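# Tertiary structure, described
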Amino acid sequence: MNRNEKASAIDMLKHGFSDSAAAFLIGFQGLSVTDLQSLRKDLRAQGGRFKVSKARLMRLAAQGIPGAEVMLPFFKEQVGVVFADQDVAGIAKVLKDFAK
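The following paragraphs examine the structure supplied in this document. (Residues numbered from 1 in each chain as written. Predicted model: local features only at pLDDT ≥ 70, side-chain atom pairs only at ≥ 80, totals over all residues. Heavy atoms only, no water.)

## What about the nonpolar core?
To be explicit about the condition: As used here, the term nonpolar core means buried Ala, Val, Leu, Ile, Met, Phe, Trp, Tyr and Cys residues forming a set that is joined through side-chain atoms within 4.5 Å. Residue exposure (1.4 Å probe, protein chains only): buried if accessible area is under 20% of the type maximum, exposed if over 50%, otherwise partly exposed. Numbered from the N terminus, helices here are DSSP runs of H or I no shorter than four residues, and strands are runs of E no shorter than two. In this description, contact between two residues means that some pair of their heavy atoms is separated by no more than 4.5 Å.
Membership of the largest hydrophobic core comes to 16 residues, with the highest contact counts inside it found for Leu 13, Phe 17, Met 58, Phe 75 and Val 81. Elements supplying a minimum of two residues to this core: α1 (3–19), α3 (55–62) and β3 (79–84). Ranked by the residues each element gives to this core, the list is headed by α3, at five residues. Leaving out residues up to four positions away in the same chain, Met 58 has contacts with Leu 13, Phe 17, Val 52, Ser 53, Phe 75, Val 79, Gly 80 and Val 81. The next biggest cluster of nonpolar side chains, apart from the first, holds twelve residues, and it includes Ile 26, Val 82, Val 94 and Leu 95.

## Things to note about the sheet that holds strand β1 (residues 22–27)
Backbone hydrogen bonds hold the strands of a sheet together, and the pairing may be parallel or antiparallel. In plain terms, the rule: Only strands joined by at least two bridges in the DSSP assignment are considered to pair. To obtain each axis, a line is fitted to C-alpha atoms, and for helices this fit is confined to the stretch in contact; angles are then taken between N-to-C directions over 0 to 180 degrees.
Pairing is antiparallel in the open sheet, where three strands are placed in the order β1-β3-β2. Every other strand in the sheet has two partners, leaving β1 and β2 (48–52) as the edge strands with one partner each. Along the sheet, successive strands turn relative to each other by an average axial angle of 25°, direction set aside. Two strands pair when backbone bridges link them, and β1 and β3 are joined in this way by six bridges, in the antiparallel orientation. Within β3, the residue paired with Phe 24 across the bridge is Val 82. Seen against the sheet, helix α2 (residues 33–45) touches β1, β2 and β3 and runs at an angle of roughly 145° to β2.

## Points about α1
Residues spaced three or four apart along an α-helix point in a common direction, a consequence of the helix completing one turn every 3.6 residues. Here is the rule we go by: The span one expects for a helix is its residue count, reduced by one, times 1.5 Å. Starting at the helix axis, one direction is taken to each C-beta atom, and the arc is that of these directions.
Taking 1.5 Å of rise per residue, 17 residues should cover 24 Å, and α1 covers 24 Å from first to last C-alpha, within 8% of that figure. Taken as a whole, α1 has its buried residues at Ala 9, Ile 10, Leu 13, Gly 16 and Phe 17. Down the axis, α1 shows its buried residues gathered within 125° of arc, on one side only. The exposed set on the far side of α1, more than 90 degrees from its buried face, consists of Arg 3, Asn 4 and Asp 19. Summarising the contacts, the buried residues of α1 are in contact with β1, β2, α3 and β3.

## Things to note about the packing of aromatic side chains
So the rule is basically this: When two rings of Phe, Tyr or Trp (its six-membered ring) have centres within 6.5 Å they constitute a pair, described as stacked for plane angles under 30 degrees, edge-to-face for angles over 60, and tilted for the intermediate range.
Summed over all chains, the structure comprises three aromatic pairs. For the ring pair Phe 17 and Phe 83, a centre distance of 5.3 Å and an interplane angle of 85° mean the geometry is edge-to-face. With Phe 17 in helix α1 and Phe 83 in strand β3, this pair connects stretches of sequence that are 66 residues apart. On the accessibility criterion, Phe 17 (9% relative accessible area) is buried. Assessed through its relative accessible area of 0%, Phe 83 is described here as buried. Aromatic rings pair up to connect Phe 17, Phe 75 and Phe 83 into one cluster.

Here it is as structure tokens:
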């Protein structure tokens with residue numbers, strides 16, 4: 001990943017953190033590709049977006065954004081961010097049901 005791609009990823013994440021009604025941090029280590037595809041499909045149906053990026057890039061994007069800075073210590077290992085644009089409760093329900 002070159003500098004331009006990293007800058008683009010950071011910008012995309014910054015817009016997600018600042019423009020979304022809520023952001024959820026989820027660990028996806030050990031999940032299969034089909035499980036992740038199913039989760040993404042369910043989230044899109046509720047108006048959510050699941051983004052995966054390097055933890056360092058997520059940390060850089062969250063710095064300076066109120067509300068997102070509380071996530072900084074958790075950007076480790078394999079984590080993804082779910083941005084909820086409208087129906088926060090619906091996104092939370094999808095994540096809760098998927099965790100079961």
